Amino acid sequence: MRKLFLIGFKDLKLVFRDKAALTFMLLAPFLLTLAMGFVTGAYGSSGSSGISQINIILVNRDGGQLGQALVDLFQSADLTDLVAPALVSDPGTARAQIDAGEAAAAVIIPDGFTDNIIPTNNQAPSGEVLPIEIYKNPLAPVSAGVIQSIVEEFVSRVETGRVGGQVIVTQMLTAGLITPDQISAIASEMGQRQADAVVQAPAITLQAAQSGQAQKAFNPMAYMAPSMALMFLIFTVSNGGRSILLEQAGGTLPRLLVSPTNSAQVLIGKIFGVYLTGVVQMLILIVACSLLFGIQWGDPLGMLVLVLAAVFAATGWGMLITSLARTPGQVSSIGTAIMLTFAILGGSFIQTSIMPGWFQWLSRITPNAWGMTGFTILGLGGSLADLGITLLGLAVMGVVLFAFSILIFGRRSFAQK
Amino acid sequence: MSSLLEARNLVKKYGDFTAVNGISFEIKEGEIFSLLGPNGAGKTTTISMLSTLYVPTSGDATVDGHSIIKEPMAVRNLIGVVPQDLALYDDLTARENLLFWGQMYNLSGKKLNTRIDEVLDQIGLTDKAKQRVKTYSGGMKRRVNIGVGLLHKPKLLFMDEPTVGIDPQSRRAILDSVKELNKQGMTVLYTTHYMEEAAELSDRVGIMDHGELIALGTQAELTKQVGEMETLILHVGENDDPERLAVAIRTLKMVRKADVTDHTVTVIVPEAEEALAPAVTKANELGIKIHSVDMREPNLEAVFLHLTGRALRD
């Protein structure tokens with residue numbers, strides 16, 4: 001066990017003395033994040049989120065003003081650039097469309113949503129706001145998060161209006177300004193005004209009410225920084241795998257194998273070195289981006305566990321590449337190709353949510369896509385408990401890849417005996 | 001002296017190619033044993049098997065009674081290996097390299113630090129111990145490469161052509177250090193294709209060619225095989241054909257053998273001085289200019305030539 005750590009820490013030390021490797025591991029992702037920030041206007045006065053035309057499906061089962069108000073809100077001019085709503089009548093159809101990856105989320109407004117808040121026909125409302133269902137596409141967590149925020153804000157304003165209305169009506173009644181038989185008409189009128197107000201000022205409402213949280217969720221740097229870090233993590237793990245073949249060619253691996261160190265210790269030590277390097281790289285980038293870009297990564301424990309899991313899966317890919325390659329040069333070539341492919345598939349350059357369903361499923365072979373999902377969950381306020389599926393996905397990926405790699409290493413005879 | 005290493009019918013095959021073909025020999029405790037042979041003779045493959053890096057196709061060897069096949073870990077604890085190619089981490093300093101490799105040999109703490117200081121002193125790099133190896137000259141790197149093999153005070157040290165590609169001064173230092181280590185009691189298996197090194201260092205020599213051990217013994221025993229023959233070496237010009245000269249020289253009565261290597265004709269004769277004049281005459285007759293002449297008494301080069309019909313540098 002001691003030798004395993006010694007080999008791993010020796011490799012970490014060597015990487016941090018290699019200027020070329022450091023440039024790719026730390027400087028390149030940092031500069032790319034910065035550049036992407038400028039390209040997407042993260043530093044511009046517009047404050048553009050970089051997210052646009054989110055496909056959503058609206059199902060309005062409510063016959064009242066408030067259900068229609070929510071539909072109008074999504075169809076309003078203020079949200080034209082952000083969302084592209086489509087109306088369907090059946091919740092089942094909407095959910096199926098989400099399952100097929102056709103939109104980021106379905107917003108299903110329940111029957112009686114308005115009636116439960118605004119009294120009609122002299123009937124008192126129940127006083128409870130019926131929940132609006134948001135059926136999310138798990139492959140589009142950022143976009144689904146945006147939709148959820150809008151709906152939550154709407155519900156929040158409706159709730160505020162309902163409570164405020166109750167107080168006003170009660171005080172007017174107590175003061176003798178209205179009679180009990182006028183309550184229903186006044187409450188109904190107030191409800192209509194409330195619905196109109198929500199629709200008329202949606203943009204202001206969203207910005208004002210969600211200031212702190214929304215800024216965190218939609219800071220484009222919070223999307224770009226992890227995506228670039230994950231992209232260059234693939235470089236790090238393939239470069240680490242390359243070091244195994246370099247040591248073999250350079251004579252240090254055979255020398256290790258004639259010392260009282262068995263080949264399993266050497267191989268696991270080398271893998272540990274790759275893993276350790278990946279973890280250190282990710283943590284440095286995360287801390288640097290926090291300090292320099294002000295990115296909030298969310299729950300620290302969740303972030304740490306996510307990094308450990310993402311690097312585990314990425315190291316699995318690094319080992320598979322190394323086990324398949326014959327020379328250090330081949331590892332570099334394959335590693336670079338996989339780095340770029342995974343970056344595209346995993347959403348480092350293009351959001352996967354706007355891609356076809358098959359593309360989104362294919363992206364799940366990459367640590368990038370799982371990692372991005374995890375970072376997004378944490379960025380939107382999630383915690384370690386919310387990362388279950390993401391961590392499981394990364395762990396399964398790592399285990400499968402390591403199993404394949406060890407099988408291939410075994411067949412190739414690691415020690416060239 | 002008891003045998004520290006015993007190799008029995010070691011064979012290593014790669015597909016149809018046989019790199020080492022059934023060699024057997026012993027190394028006695030406290031001696032310097034050299035394997036002498038040209039490049040490709042199988043010396044490195046032999047050391048790789050003996051140091052447990054490669055598993056023999058057949059045969060076995062023991063180091064201090066431990067089988068290289070059945071007890072590789074026990075063997076590794078007893079041996080030190082100085083590989084032919086530098087096996088160091090260029091981005092680590094000499095001290096860091098020694099520290100890492102010492103830890104791989106289960107050394108630690110004060111004992112390891114003391115050993116590192118001793119080895120640095122031994123290889124003459126105490127002053128430059130904190131410089132990264134990549135800043136060193138070839139000779140200095142070679143010395144660190146040797147130092148790594150000495151850290152754990154092995155009973156048996158394998159040195160695989162440690163002087164290849166270095167300057168004469170560093171070569172001299174390495175040869176002296178091998179002798180010094182041997183004086184201190186270390187048993188050494190040394191491979192080389194330089195006859196002079198084997199002659200200077202070795203108590204006994206094994207001559208290898210094409211994967212086989214073709215001769216084995218002390219220098220005196222080996223040179224007896226060529227009788228009292230001496231060697232006459234004629235160096236001809238780059239534009240001359242040494243083969244034509246060799247053919248002509250072979251017609252001389254006293255000549256036992258004449259072979260060509262590059263621009264050199266190596267002639268085996270009972271008296272080199274006596275053969276010089278007729279050989280030069282032959283050269284003049286053919287219009288071949290002789291640039292220089294060497295005459296040598298019976299040596300390992302002559303033994304190799306005698307046994308294989310080729311010069312050692314082939």
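What counts as what
- Residues numbered from 1 in each chain as written.
- Chains lettered and ligands numbered in written order.
- Predicted model: local features only at pLDDT ≥ 70, side-chain atom pairs only at ≥ 80, totals over all residues.
- Pairing = 2+ DSSP bridges.
- Helix = DSSP H or I, 4+ residues; strand = E, 2+ residues; numbered from the N terminus.
- Buried ≥ 20, exposed ≤ 12 C-beta atoms within 10 Å, placed from the backbone.
- Contact = placed C-beta atoms within 7 Å.
- Nonpolar A, V, L, I, M, F, W, Y, C, P; charged D, E, K, R; others polar.
- Axes fitted to C-alpha atoms, helices over the stretch in contact; angles between N-to-C directions.
- pLDDT = per-residue confidence, 0-100.
- Expected span 1.5 Å × (residues − 1).

Draft legend 1. Examining the pairing of strand β2 (residues 17-28) of chain B more closely. Residue and element names in this part refer to chain B. Taken together, the nine bridges between strand β1 (residues 3-14) and β2 define a ladder with antiparallel strand orientation. From the neighbouring strand, Tyr 14 faces β2, where its bridge partner is Phe 17. Where β1 folds back onto β2 in an antiparallel hairpin, the turn is made up of two residues, including Gly 15, whose phi is positive at roughly 65 degrees.

Draft legend 2. Quick peek at the environment of Ala 106 of chain A. Residue and element names in this part refer to chain A. On the secondary structure map, Ala 106 appears in strand β3 (residues 105-109). Looking at Ala 106, the number of C-beta atoms within 10 Å reads 27, which means it is buried. In sequence terms Ala 106 and Leu 58 are 48 residues apart; their C-alpha atoms lie 5.9 Å from each other. Excluding its chain neighbours within four sequence positions, the residues that come into contact with Ala 106 are Ile 57, Val 59, Ala 94, Arg 95, Gln 97, Ile 98 and Tyr 135.

Draft legend 3. Layout of the interface of chain B and chain A. Between chain B and chain A, the residue contacts involve 20 residues of the former and 18 residues of the latter. In terms of residue class, the side of chain B that touches chain A is made up of 12 nonpolar, five polar and three charged.

Draft legend 4. Fine view of the sheet that holds strand β6 (residues 79-82) of chain B. Residue and element names in this part refer to chain B. Strands sit in the order β6-β7-β8-β3-β9-β10 across an open sheet of six strands; the sheet is mixed. With partners counted over all chains shown, the strands left at the sheet margins are β6 and β10 (212-217), one partner each. The mean inter-strand angle of the sheet, taken between neighbouring strand axes irrespective of direction, is 15 degrees. Sheet strands touched by helix α5 (residues 138-150): β6 and β7 (156-160). Its angle to β6, the strand with the most contacts, is close to 170 degrees.

Draft legend 5. Structural view of the confidence of the model for chain A. For chain A, per-residue confidence averages 79 on the pLDDT scale, and 79% of positions sit at 70 or higher. Counting interchain partners and residues more than four positions distant, the pLDDT-below-50 stretch residues 44-50 of chain A has seven contacts.

Draft legend 6. The arrangement of the environment of Leu 92 of chain B in detail. All names here are of chain B. Locating Leu 92 in the fold gives a position in the loop between β6 and α3 (94-104). What makes Leu 92 buried here is the crowd of 20 C-beta atoms within 10 Å. For the pair formed by Leu 92 and Gln 131, sequence separation is 39 residues and the distance between their alpha carbons is 8.0 Å. Once you skip the residues sitting within four places of it in the chain, Leu 92 turns out to touch Asn 97, Phe 100, Arg 132 and Val 133.

Draft legend 7. The sheet that holds strand β2 (residues 83-87) of chain A, seen in detail. Residues and elements named next belong to chain A. Strand order in the open sheet formed by four strands is β2-β1-β3-β4, with mixed pairing between adjacent strands. The sheet is open, and its two edges are formed by β2 and β4 (133-136), each paired on a single side. With direction set aside, neighbouring strand axes in the sheet form an average angle of 25 degrees. One ladder, built from five bridges, connects strand β1 (residues 54-60) with β2; its direction is parallel. Looking across to β2, one finds that Asn 55 is bridged to Ala 84. This element, helix α3 (residues 65-75), spans β1, β2 and β3 of the sheet and lies at about 160 degrees to β1. Docked against the sheet, helix α4 (residues 91-99) engages β1, β3 and β4, running at close to 165 degrees with respect to β3.

Draft legend 8. Region of the structure containing helix α1 (residues 2-15) of chain A. Compared with an ideal rise of 1.5 Å per residue, which puts 14 residues at 20 Å, α1 of chain A spans 20 Å between its outermost C-alpha atoms and is within 8% of the ideal. Within the span of α1 of chain A, buried status applies to Leu 6, Ile 7, Gly 8, Lys 10, Asp 11 and Val 15 of chain A.

Draft legend 9. Inspection of unusual backbone geometry at higher detail. Residue and element names in this part refer to chain B. One non-glycine residue, Asn 9, lies in the positive phi region at around 50 degrees. With respect to the helices and strands, Asn 9 occurs in strand β1. For Asn 9, a count of 13 C-beta atoms within 10 Å corresponds to the partly exposed category.

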